[in-house]
Amino acid sequence: MFTLAAEPILTRLYLPNDIGNLGLFNAFFAVAAVAASLQYDVAIVSAPHQKEAAQLAILAMLLAIPMSVAGGLLLYVLIHFSLVGFGVLPAYAAVLMVPTILFAGLFSVLRYWALRNERFDQVSQALIFQNGGRSVSQLALGVIGSHSFGLLVGEVVGRGAGMSRMLRSTWPVVRDYGFNFRDVSKALRGNRQFPLYSTPSSLLNVLGTSLPLPLLITLYGADAGGYYSLVWRVLAVPVVLIGSSMADAFHSRAALFAREDPKRLLWFFHSTTLGLLAMGIVPALAVFFYGESIFLFVFGVKWRLSGIIAAIVAPWFLTSFVVSPLSRLVFVLHGQRLKLIYDIFILGGNLLVFWFARRLDWPMLHMVTAMSAMNTGSKVVYYFVLRRIASTAVQVPIQL
């Protein structure tokens, strides 16, 4: 909610290209953060024993250090050689990316540990602090005219905030188990499907979601990216806050059902689907029919194009709101192989839209419409993939 409250002020303090730079920074971050711990952090929730969960937590924390440095170096290469639209970012963005990924990797470990122990209150409080810290920092730096620098520094501050309580409750337990090479090796082997299948699958999935922004900037410039980024920031708030909370609860309970009562898993999958759809359908319809008017009123006349884009992508965000929390099922039931195949096709679909847009010289809104249609359809297909994983697991558990 801090993000939504601050956004009308931010759009008056910063220019469209500043918002576009932040969106590009976050697009890269979203992809890099997936690989920060090679998905061993996700395995914490489903680990059969507390000792194995602790070993996975230590391993994931250690992996986040070199992976964050690698992420910063990769972003510098993209900026230096002006690849995939990233040439518009300032070079210091690569330096800021390192602590951003590191903080996100640490938070992810603490988050999944809290989910394992059903401490949802800790996760919710941490997310509130993170969003508050991000918004306050960006507003304060925007007042002094810091442009893109203020937005990017605020993002780093937000990622590093709100973890102290989670760390105090997690670290003493994890530390007591210690770092035993034999136990860690056993945990690595027993959860090898996460780096082998979950990491590339999740990378492809997030890349497919994040790719439209750099592709738009490549074809239409930084201002076009800013208009699109504002839509992403506003519409992603319910997906990130409400959707993430639902995803955490779904993940924890689905793991419990998978261990103790598999027959209830499919029922739980369907009931969660209906609950998410009921929460998201009215706001999505409002944006679909009145998006332009809403953005004009809230953000000002210079953001009218963002309102048009919001109406176009409303179905995409609705399907993401419903399907994203349910996608945690693949981590519980080891459906990573099937999802990997799906993610390859989705990434190919996004690249195909970009190829047509460039080849046929489409206007920006035509490309956005094609992206929305393709990704909305892909989410619907993904839902049925998840349903198949759930129904198959009830009958015969998926083999590794």
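Below you will find a few notes about this structure. Every value quoted in this text rests on a predicted model; they were computed, and no experiment measured them.

Some points on the overall build of the chain
Each helix and strand counted, the chain has 18 helices and 0 strands in total. Taking 2.2 N^0.38 as the reference for a compact globule, 400 residues should give roughly 21 Å; the C-alpha atoms of the chain span a radius of gyration of 21 Å, in line with that estimate. By the burial criterion, 54% of the 400 residues in the chain qualify as buried. Counting only contacts in the chain whose residues sit at least 6 apart along the sequence, the fraction spanning at least 24 positions is 85%. For the chain, the exposed area adds up to about 17,200 Å²; of that, 69% sits on carbon and sulfur atoms. Computed over 29 positive and 16 negative side-chain charges, the separation of the two mean positions in the chain equals 5 Å.

Here's the deal with a nonpolar patch on the surface
Taken together, the side chains of Leu-277, Ile-281, Val-282, Leu-285, Phe-288, Phe-289, Tyr-290 and Ile-294 make up a nonpolar region of the molecular surface, amounting to roughly 770 Å² of accessible area. With respect to the secondary-structure elements, Phe-289 resides in helix H14 (residues 265-299).

Some words on empty space enclosed by the protein
For the structure on display, the rule yields 3 cavities of 30 Å³ or more. The space that makes up the second largest cavity amounts to roughly 60 Å³. Mapped onto the lining of the second largest cavity, the elements with two or more residues apiece are helix H10 (193-210), helix H17 (336-360) and helix H18 (364-395). When residues in the lining of the second largest cavity are grouped by element, the largest group, 4 residues, is from H18. In the lining of the second largest cavity, the residues fall into 4 nonpolar, 5 polar and 1 charged.

Brief notes about the environment of Arg-359
Inspection of the secondary structure assignment puts Arg-359 in helix H17. Note on Arg-359: relative accessible area 59%, which makes it exposed.

Describing the pattern of salt bridges
Counted by the stated rule, this structure contains 6 salt bridges. Ionic pairing is found between Arg-119 and Asp-121, a salt bridge with its closest N-O pair at 3.4 Å. On the basis of relative accessible area, Arg-119 is assigned to the partly exposed category, the value being 33%. By relative accessible area, Asp-121 is classed as partly exposed at 33%. Between Glu-155 and Arg-134 there is a salt bridge, with the nearest N and O atoms lying 3.2 Å from each other. You can see Glu-155 sitting in helix H7 (residues 148-160) and its partner Arg-134 sitting in helix H6 (residues 120-143), a full 21 residues away along the chain. The same class applies to Glu-155 and to Arg-134, which are both buried. Within the structure, one salt-bridge network assembled from shared partners comprises Arg-119, Asp-121 and Arg-165.

Looking at the side chain of Arg-134
Judged by its relative accessible area of 9%, Arg-134 falls in the buried class. Those residues in contact with Arg-134 that sit more than four places away from it in its chain are Gly-154, Glu-155, Gly-158 and Arg-159.

Here's the deal with the packing of aromatic side chains
For the structure shown, the criterion picks out 15 aromatic pairs. Between Trp-355 and Phe-356, the ring centres sit 5.1 Å apart and the planes meet at 75 degrees, which makes this aromatic pair edge-to-face. When its relative accessible area of 43% is taken as the criterion, Trp-355 is described as partly exposed. You can call Phe-356 partly exposed: its relative accessible area is 33%. Here the aromatic cluster, defined as three or more aromatic residues joined through ring pairs, consists of Tyr-228, Trp-232, Trp-316 and Phe-317.

Some thoughts on the nonpolar core
Residues Leu-75, Leu-235, Ile-309, Val-313 and Met-367 are the most contacted members of the largest nonpolar core, which totals 60 residues. With sequence-adjacent residues up to four places away left out, Ile-309 is seen in contact with Tyr-227, Tyr-228, Val-231, Met-364, Leu-365 and Val-368. With 56 residues, the next largest nonpolar core counts Tyr-40, Phe-194, Leu-265 and Ile-346 among its residues.

A few points about the packing of helix H4 (residues 50-80) against helix H5 (residues 92-116)
Helix-helix packing is characterised by the crossing angle of the two axes and by the distance between the axes. The geometry of H4 relative to H5 is characterised by a closest axis approach of 8 Å and an angle of 160 degrees between their N-to-C directions. With respect to H5, the axis of H4 lies roughly antiparallel. Crossing handedness for the pair H4 and H5: right-handed. Across the contact of H4 with H5, the residue classes break down as 21 nonpolar, 5 polar and 1 charged.

Some thoughts on helix H15 (residues 304-326)
For H15, which comprises 23 residues, the first-to-last C-alpha distance of 33 Å matches the rise-based estimate of 33 Å (1.5 Å per residue) to within 8%. Counting buried residues in H15 gives 17 out of 23 residues, a clear majority hidden from the surface.

Here's the deal with unusual backbone geometry
The phi dihedral of Gln-39 falls on the positive side, at around 70 degrees, and the residue is not glycine. Take Gln-39: its relative accessible area is 7%, and that puts it in the buried class. Its identity is not glycine, yet His-147 carries a phi of approximately 55 degrees, on the positive side. Relative to the helices and strands, His-147 resides in the loop between H6 and H7.

Parameters and conventions
Residues numbered from 1 in each chain as written. Predicted model: local features only at pLDDT ≥ 70, side-chain atom pairs only at ≥ 80, totals over all residues. Heavy atoms only, no water. Helix = DSSP H or I, 4+ residues; strand = E, 2+ residues; numbered from the N terminus. Rg over C-alpha atoms; globule rule 2.2 N^0.38 Å. Buried < 20%, exposed > 50% of the residue type's maximum accessible area, 1.4 Å probe, protein only. Contact = heavy atoms within 4.5 Å. Areas by Shrake-Rupley, 256 points an atom, 1.4 Å probe, with all protein chains shown as cover. Lys, Arg positive; Asp, Glu negative; His and termini not counted. Charge placed at Lys NZ, Arg CZ, Asp CG, Glu CD. Patch = residues over 30% accessible without salt bridge, like charges linked within 9 Å, V, L, I, M, F, W, Y side chains within 5 Å. Salt bridge = Lys/Arg side-chain N within 4 Å of Asp/Glu carboxyl O. 1 Å grid on protein atoms, 1.4 Å probe; cavity = no way out; pocket = protein on both sides within 12 Å on 5 of 7 lines; lining within 4 Å. Points joined across faces, edges and corners; volume = space filled by probe spheres on them. Nonpolar A, V, L, I, M, F, W, Y, C, P; charged D, E, K, R; others polar. Phe/Tyr/Trp six-rings, centres within 6.5 Å; stacked < 30°, edge-to-face > 60°. Core = buried A, V, L, I, M, F, W, Y, C linked by side-chain atoms within 4.5 Å. Axes fitted to C-alpha atoms, helices over the stretch in contact; angles between N-to-C directions. Parallel < 35°, antiparallel > 145°, perpendicular 65-115°, else oblique. Left-handed = near helix turned anticlockwise from the far one by under 90°. Expected span 1.5 Å × (residues − 1).

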